[in-house]
Amino acid sequence: TKHGENIAVSLSTTLLRNQLGEPIAMLNIARNISERTRLMKVLENRNKQIELINRIIVKANQTINFREIFEIVAQEIQTLIPCDDVNIGVLNPDGASLKIYSAIGKESLSEIGIIPLENSISKFSIKERKPIIVNDFLAEEKYRSIASYKQGLGAQLSYPITLKGKIFGTINIGTKEPYTFFDEHIEMLHPIAQQIGFIIDRILLFNKVSEDSAYVRNLLDSIDSIVYTVDNQLRIQEVNIAWYSFMKDFGIETMEDYHGKALFDVLPNEQLKIMFQNVIDQILNGSMRIFSQEFIHRSSKGDIVYNITINPMVINQKVVGLVFTHNDITALKKSEAELKKSNEQLLALHEISTLVSSSREVNIMLNEAIPILRNNTNAAGIIVYLLESDSNDLILTYQIGFDKEEFPTIFNLPISASATGHVVVTKKPLYISDKVYLDERMIPANREILKRLNLDAMALIPLVSKDKVFGALDIFYDHPHVFSNQEKQILMLVGNQLGVAIENSLLYDELRSQVQRLTVLYQLSQELTSTLNIDQIFEVVYKYVKQVIPFQMFRIDLYNEKTKIKTPILNVEKINGEDIFVTTLSQPTSIAISSAIENVLRNRNIYQSSDKHLIAVPMISKNVILGIILIEAENGMCYSGTHIQLLESISNLTAIALEKARLYEETLQKSIEIEKRNKELDDFTYVVSHDLKEPLISVEGFSRILQLDYKDIIQAEGKEYLDSIVGATKRMKGLIDDLLSLSRVSRPTESFKEFSIKEILDDILNDIEFTIKQRRIELILPDDFPTVFGNITQIKIVFRNLIGNAIKFNKSPNPKVEIGFQNTENNHYLFYVKDNGIGIDKEFYDKIFLIFQRLHRREEYEGSGAGLAIVKKIIELHNGKIWVESELGKGSTFYFTLPKPPINIIKD
């Protein structure tokens, strides 16, 4: 045609005739049959494809070898589509290369093998997941890097092999001439590629199944457990190698093929048959999901414990067979038994630990803990030995399973000649598994006892705490006994627990003894403090010494360092269990040379005899030895360092009490003497004042008579002399009265009591009311005053004197007197009396409180100068203080303290 298309034409000729049947013309007809031709060609190609695929399928059914199948496929493709090169490649798992199984063309298969995907046209078809046609390698530059172009091909078609969306590889065909392949070729390759995908998938699956089957077989044979399977007719399908060992235990040596044989015809054990018959039907019908039970197989090698399980094989929710598994759990059961035993031992250890940690008495603790240990270890007997502190022997403290009376040799063990002693010395345990009665480390007599009691094994465990050993634990068995590592560890833990408990008990006993000793010392101190009687002091000391220190003899001697003489004051001896006071004449005696007392006095220190049987302790106060305490132990007893410390403390307390009692007696004697002298002084003061006042009264009286009766006769000068005499006698009487007042202040007749300052101030201010009004005094007072504790008469004198001075020494036109107080510490109130008077120079602050000290002439201010001295004396008698703060011309403030009332504590 004019468009260059090829059209298929069919030509036909027809003779045309007239009505008479005569030929009149020839008719030539040309028909277009291109479509029919095309359809026939497509049908022909389809038939060729079907025949080709059938040939491929036939070959695929004959082999699972990719190489053989793909060689046929390549040949068939070259027949179907004329080409110069055919290759079929399968994508490797790495996704980066192709394994070429068949190649027709320039290079053979052996020469190609595996090619990188990057160098193949397959890269493009796999990436785009569709067929790729390269019409001309020369015209399409992006394809020039691939191997096909380098091999001289002009055109190439790559068709991806896919199945279920997964690409398995590619079919690649090529020609040397360009523009060779069209869409019809792609259509031709489509069913072939699809079929190849099915073949690859089937072969890979078959290989996988084969590999899995071999893996499962190898896996079953590698399992120690016995595994066998049956179908739903109970015909054996598979058995593993362990099955044959199981059969061999029943005397069946052959390695015959059991496949297809009936299970119950093959099983060698009747008990297994009965077990399986009871459950197999239930598993097959689905009423039982799984079966598991332990089974003991009595083999020639001993009992074997199997855990037998039966699992159904289910396909499409239908049981098609059963899997039997015999797991050997003999070691597990043994471990379980050992674990159970270990748990029981640990529980017992915990129980023992709880008991020993809560008990403070060794005997009580052992009585509760040792029976638990014996029950847990299945021991025939147990003995606990403790190390005696004052000897090298082990003493039986607790035992169970022995008769001490029948076997006295077990009661006491020497450390140096016994196996138990060796354990104590080395702090290492000893385990004897059998025939302990033959072990030469045992004392011969005790070996005879062990043999008589049929005791075979023994564990000797040291009782240790903080690297200090306190004794040993001996555990006996009436049968040979192998000690496992775990059992040894537990027994050592028990030994450590008991060691800690024993140490704690000893510490508790020591602590209790210390508390008792401290309590005794405290009580002794209290009683010694409350008494000043020397005889009573020694009685108290004896009472408390016998509570904490056992003795055969107790003695106290007083000592005079000046005369070097001792005087026995107390001597007690124990006779037939009773304390007998040995009477002495308490006569001073000299000190025997080399005696215990002489040793104490010479060294001024404690003395203890070499046998630790006697102690002598000096009673020292202020570096002076006042006496010696001696104490002697009963037979068989020795005094320890604790006894020495305790007796030293008692001696010190006694020395302090003795010194205090002596000081009290001396003070008492001095007080009596002072009281006697005070009385004499009072009498003297009264007599002197009375005797002094008598002539003064006479002088004053006669002077006044002269003034009255002879006033007209006596000249003016004489009258002045008489006035001076009368004034002098009046002042002299005032001085004598002030002296009497000051002496009486030190010996108050009134007792101290609570009273309100307001009461006494009201009385005082009422008495001087006229003076206050006359002088126009501004009086400043608080709303209220506190209650104090003291002598009310004396405190009145204090306030009267200070208020009077504040008024008297005040020349201000507007005089002020302020009285106030403050609450201070030490249970006192601070009072003050303040004025705006003439003031006092600082240099006279102390002088004003001295008796008869005046700062002004008598003509300026009246008074004897004893008032502030009396005030100071009263304040000091009330344990207070008084002082003054002042400034000349501006006034003075007198401060003084008075005690608060005592607080009454009410006890329930």
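Note: the structure precedes this text.
Residues numbered from 1 in each chain as written. Predicted model: local features only at pLDDT ≥ 70, side-chain atom pairs only at ≥ 80, totals over all residues. Heavy atoms only, no water.

Draft legend 1. Inspection of the pairing of strand β18 (residues 457–465) at higher detail. Where burial is concerned, most of β18 is hidden: nine out of the nine residues are buried. Burial along β18 is two-sided: the residues A457, A459, I461, L463 and S465 and M458, L460, P462 and V464 are all buried. As judged from the three bridges shared by strand β17 (residues 430–432) and β18, these two strands associate in the antiparallel manner. Within the sheet, the bridge partner assigned to Y431 lies in β18 and is A459. Where β18 folds back on strand β19 (residues 468–477), the antiparallel hairpin that results is connected by two residues, among which K466 adopts a positive phi of roughly 55°. (Buried < 20%, exposed > 50% of the residue type's maximum accessible area, 1.4 Å probe, protein only. Helix = DSSP H or I, 4+ residues; strand = E, 2+ residues; numbered from the N terminus. Pairing = 2+ DSSP bridges.)

Draft legend 2. Seen up close, the packing of aromatic side chains. In this structure the tally under the stated criterion is 25 aromatic pairs. Seen from their ring centres, Y244 and Y258 are 5.8 Å apart, and the 45° between their planes marks the pair as tilted. Pair noted here: Y244 is in helix α7 (residues 241–248) and Y258 is in the loop between α7 and α8 (263–266), with a separation of 14 residues, a long-range link. Overall, the relative accessible area of 16% leaves Y244 in the buried class. Where F831 meets F896, the ring centres are 5.7 Å apart and the plane angle is 20°; that geometry is what we call stacked. Here the residue F831 occupies a position in strand β30 (residues 828–835), and F896 occupies one in strand β32 (residues 891–899), the gap between them amounting to 65 residues. (Phe/Tyr/Trp six-rings, centres within 6.5 Å; stacked < 30°, edge-to-face > 60°.)

Draft legend 3. Expanded view of the sheet that holds strand β5 (residues 114–116). Strand order in the open sheet formed by six strands is β5-β4-β3-β8-β7-β6, with antiparallel pairing between adjacent strands. Of all the strands in the sheet, just β5 and β6 (132–134) have a single pairing partner and so form its edges. Ignoring strand direction, the axes of neighbouring strands in this sheet form an average angle of 25°. Against the sheet, helix α2 (residues 66–80) engages β3 (85–91), β4 (97–104) and β8 (166–175), with an angle of about 60° to β4. (Axes fitted to C-alpha atoms, helices over the stretch in contact; angles between N-to-C directions. Contact = heavy atoms within 4.5 Å.)

Draft legend 4. Local environment of the packing of helix α12 (residues 362–377) against helix α15 (residues 485–529). The N-to-C vectors of α12 and α15 enclose an angle of 175°; their axes lie 11 Å apart at closest approach. As judged from the angle between their axes, α12 and α15 are roughly antiparallel. Contacts between α12 and α15 involve V362, M365, L366, I370, L373 and T377 from the former and L491, V494, L498, A501, I502 and S505 from the latter. (Parallel < 35°, antiparallel > 145°, perpendicular 65-115°, else oblique.)

Draft legend 5. Representation of the pairing of β30 within the structure. Where burial is concerned, most of β30 is hidden: seven out of the eight residues are buried. Examined bridge by bridge, strand β29 (residues 816–823) and β30 share seven bridges and lie antiparallel to one another. Counterpart to Q822 in the pairing with β30 is L830. Hairpin connection of β29 to β30: four residues between the antiparallel strands, including N826 at a positive phi of 60°. Pairing analysis gives seven bridges linking β30 to β32, with the strands arranged antiparallel. Following the sheet pairing, K834 is matched in β32 by T893.

Draft legend 6. Looking closely at empty space enclosed by the protein. Evaluated as defined, the whole model comprises two cavities of 30 Å³ or more. Approximately 170 Å³ is the volume attributed to the largest cavity. Going through the elements one at a time, β14 (381–387), α13 (419–426), α14 (444–452) and β19 are the ones with two or more residues in the lining of the largest cavity. The greatest single-element share of the lining of the largest cavity, amounting to four residues, is contributed by α14. Of the residues belonging to the lining of the largest cavity, the class tally is 12 nonpolar, three polar and two charged. (1 Å grid on protein atoms, 1.4 Å probe; cavity = no way out; pocket = protein on both sides within 12 Å on 5 of 7 lines; lining within 4 Å. Points joined across faces, edges and corners; volume = space filled by probe spheres on them. Nonpolar A, V, L, I, M, F, W, Y, C, P; charged D, E, K, R; others polar.)

Draft legend 7. Local environment of the nonpolar core. I757, F799, F831 and F896 are the most contacted members of the largest nonpolar core, which totals 38 residues. Elements that contribute at least two residues to this core include exactly α20 (757–767), α22 (792–808), β29, β30, α23 (867–877), β31 (882–887) and β32. With eight residues, the single largest contributor to this core is α22. Residues F538, F551, A633 and M637 belong to the second largest nonpolar core, which totals 37 residues. (Core = buried A, V, L, I, M, F, W, Y, C linked by side-chain atoms within 4.5 Å.)

Draft legend 8. Broad picture of the side chain of S125. Mapping S125 onto the fold places it in helix α4 (residues 122–128). Within polar-contact distance, the side chain of S125 engages the backbone oxygen of S122 at 3.2 Å. Each residue touching S125, except ones within four places of it in the same chain, is listed here: K130, I132, S158, P160 and T170. (Polar contact = N/O pair within 3.5 Å; in protein donor to acceptor, adjacent residues only side chain to side chain.)

Draft legend 9. Expanded view of the sheet that holds strand β21 (residues 565–575). Strand order in the open sheet made by the six strands is β22-β21-β20-β25-β24-β23, with antiparallel pairing throughout. Each edge of the open sheet carries a strand with a single partner, namely β22 (578–581) and β23 (607–608). Note that strand β20 (residues 553–560) and β21 share eight bridges and pair antiparallel. Residue R555 lies in a different strand from β21, and its bridge partner there is N571.

Draft legend 10. Structural detail: the packing of α20 against α22. Interhelical geometry of α20 versus α22 gives an angle of 50° and a closest axis separation of 10 Å. The angle between α20 and α22 falls in the class oblique. As for how α20 packs across α22, the hand of that crossing is right-handed. In contact with I757, I760, L761, D763, I764 and D767 of α20, α22 contributes I792, I795, K796, F799, R800 and I803. Its residues assigned to classes, the contact of α20 with α22 shows eight nonpolar, no polar and four charged. (Left-handed = near helix turned anticlockwise from the far one by under 90°.)

Draft legend 11. Focus on unusual backbone geometry. Unlike most non-glycine residues, L234 shows phi in positive territory, near 60°. With respect to the helices and strands, the residue L234 is situated in the loop between β9 (226–231) and β10 (236–239). Classification of L234 as buried rests on a relative accessible area of 17%. Residues other than glycine seldom take positive phi values, yet K427 does so here, at roughly 60°. The topology assignment puts K427 in the loop between α13 and β17.

Draft legend 12. Broad picture of the pattern of salt bridges. Under the defined criterion, the tally for this structure stands at 19 salt bridges. Residues D763 and K796 are paired through a salt bridge, measuring 3.4 Å at the closest nitrogen-oxygen approach. With a gap of 33 residues between them, D763 in helix α20 and K796 in helix α22 connect regions that are remote in the sequence. A residue is classified by how much of its surface remains accessible, and D763, at 38% relative accessible area, is partly exposed. A single network of salt bridges, built from pairs that share partners, joins R555, D557 and K566. (Salt bridge = Lys/Arg side-chain N within 4 Å of Asp/Glu carboxyl O.)

Purely spatial values, then, with no claim about function.
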